[in-house]
Amino acid sequence: MSDATGLIDVKKLIRHFDEAEHARRADGYFQGRPLDSKDLFKPFMAIELAPGFLFRLHAVLQLMQPFPNAKVLDFGSGGGWLSRVVARLGMNAASCDIAQSALDLADAFTREREPDLVPRISYHLIEGARLPLPDASVDRILCFDALHHVPAYRPVLAEMARVLRPAGIAVFVEPDETHSRSEGSQAEMRNFGVIENDVDLGEIFTLAKEVGFVDGTVAMPSSVVPTLPVPEFLREVDRARRGETPGPAMVETVFRAVDPTIRSLRLFSLHRGGGAEDSSHIPHPQAPETGPGKLRVLNVEKTRAGFTVRLRVENSGPYRWLPSGGKAGSVNVGVLRRDPDGSLDRNVRRVHLPHGIWQPGGWTEVSVVLPNLPPGAAYSFDLVSEMVCWFLLTPEGTPWIS
C-alpha cells in the first residue's frame, strides 16, 4: 500500500479493506481504553493542546449558530467529548460513530464523570453508509476531525443533507488536502490501519452542492492571539474609534497569526437549503395565541431608582428571527409606557436579545432596568420585528407594571 517514496497511499489503503474491516479497525482503536484516557477530557486534555482545541471550538460555536435545545448530530463522536460540550450548553446531542467501543466508552465516562448530562445525549451506531437517524431530524451537525476518516465523502455528505432539517447547518473541523502525507497521518495508518484521508475543500463544496447543500462558509480563526506593545495598541484604539481602516502593519500582524490556519486547517460550514422565513416576513396582525413569539414577566423587583424586570422570551415559530438591532426585521423587546392620560408610548426603549434565540424553539431570559414612573403611569412589554410589526402579545403574559 506504499507508493514509490515509501509513504502509505491512503487511496490504496481505502481500497484494500471493505467498510466492515475499516469499522473493525476503528472499533479496535477504542477497545480497552480506561476512563482516565486523556482524549476523553478534551478540550482540556493537556496544557500544550488546550489552546488549539479551544480556538477551534470557538470557531465551531460561531459557525453552527447554536440555540437552546437544538438537536445536534456529533458525527464520528469517538470518546464523546464534543457531545458533552453540546449537552453542557443546553442542547441535545446524538453521538454517532462506527465504533461501538467508542460509544460505550463515551457513555460510561459520561455516567461516571458528568451524570447530569446523561438525559441530553443519545448514542447511535453507524452501520454502512446510512446514518441511524430519520429524515430531517437534526438542527445541526458537528464533524470535528472525523470526515477525513471516512472512505468516501459523497455518501456521507448526502446522509448529512438527508438528516438535517431545512436551513440546518453542518460544521466541519478538518485538515487540508495534504493531510495523508504528514508524519502523524503516516504513523496512524501504519500502526492502526485507520484512514487519514486528504480534505480538498473545493471538492467537498462541489459534492455538497450536488447532494442538497446550498452554501458554505469558511472560518479563518487565528491559532495565535495577535499581540502589540502597549503604545502601538493604544494607537490602534484611537484609529478604531475614529473609524479608520487598519494600516498595513496591523493587517500584517493579524494575518501573520491567521496564516498557519489557512495553510493547514479547514474550518467550514455547509448550509442546507429551505427552511423558515425570517422575521421580516411576519404578517401583521398575528393572532397572539399562535403568533411568532412569547414573552412572560418572571419577576419584578422594586428598587429606589425604579424597577428590575426579568423576562422570558421564546421564539415559538415558525419564523427565524433576525438578530436584534435597528435593521428591518430585527427582533427586539419593546418597552411600552402608558401615561396617566391613557396615551401609549411604544418607543420607551428597545432591549436586544442574545444570540441563541433566533431559530424556532429557541428561548432566553433577559433583565431590564427601568426608572421610576410618575403616578398613574405603567410599563409593559411586547416583541417587535422592526419596521415590520409588533407581535401584539396578550396582557396575561406581559402585565402592566406600576
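For the structure itself, consult the block above.
Residues numbered from 1 in each chain as written. Predicted model: local features only at pLDDT ≥ 70, side-chain atom pairs only at ≥ 80, totals over all residues. Heavy atoms only, no water.

A. Representation of the packing of aromatic side chains. Across all of its chains, the model carries nine aromatic pairs by this definition. Ring centres of Phe-172 and Phe-268 lie 4.8 Å apart, and the angle between their planes is 10 degrees; on these two criteria the pair is classed as stacked. Taken as a pair, Phe-172 in strand β5 (residues 164-175) and Phe-268 in strand β7 (residues 265-272) lie far apart in primary sequence, 96 residues in all. You can call Phe-172 buried: its relative accessible area is 0%. Geometrically, the ring pair formed by Phe-307 and Tyr-379 is edge-to-face, given 6.0 Å between the ring centres and 85 degrees between the ring planes. You can see Phe-307 sitting in strand β9 (residues 306-314) and its partner Tyr-379 sitting in strand β13 (residues 378-385), a full 72 residues away along the chain. Comparing Phe-307 with Tyr-379 shows no difference in burial state: the two are buried. An aromatic cluster of at least three residues, connected via ring pairs, comprises Tyr-29, Phe-30 and Phe-192. Above the face of the Phe-17 ring, Arg-25 is positioned so that its terminal group lies 4.0 Å from the ring centre. The lysine or arginine in question, Lys-302, covers the ring of Phe-307, its NZ or CZ lying 5.0 Å from the ring centre. (Phe/Tyr/Trp six-rings, centres within 6.5 Å; stacked < 30°, edge-to-face > 60°. Helix = DSSP H or I, 4+ residues; strand = E, 2+ residues; numbered from the N terminus. Buried < 20%, exposed > 50% of the residue type's maximum accessible area, 1.4 Å probe, protein only. Lys NZ or Arg CZ within 6 Å of the ring centre and 35° of its normal.)

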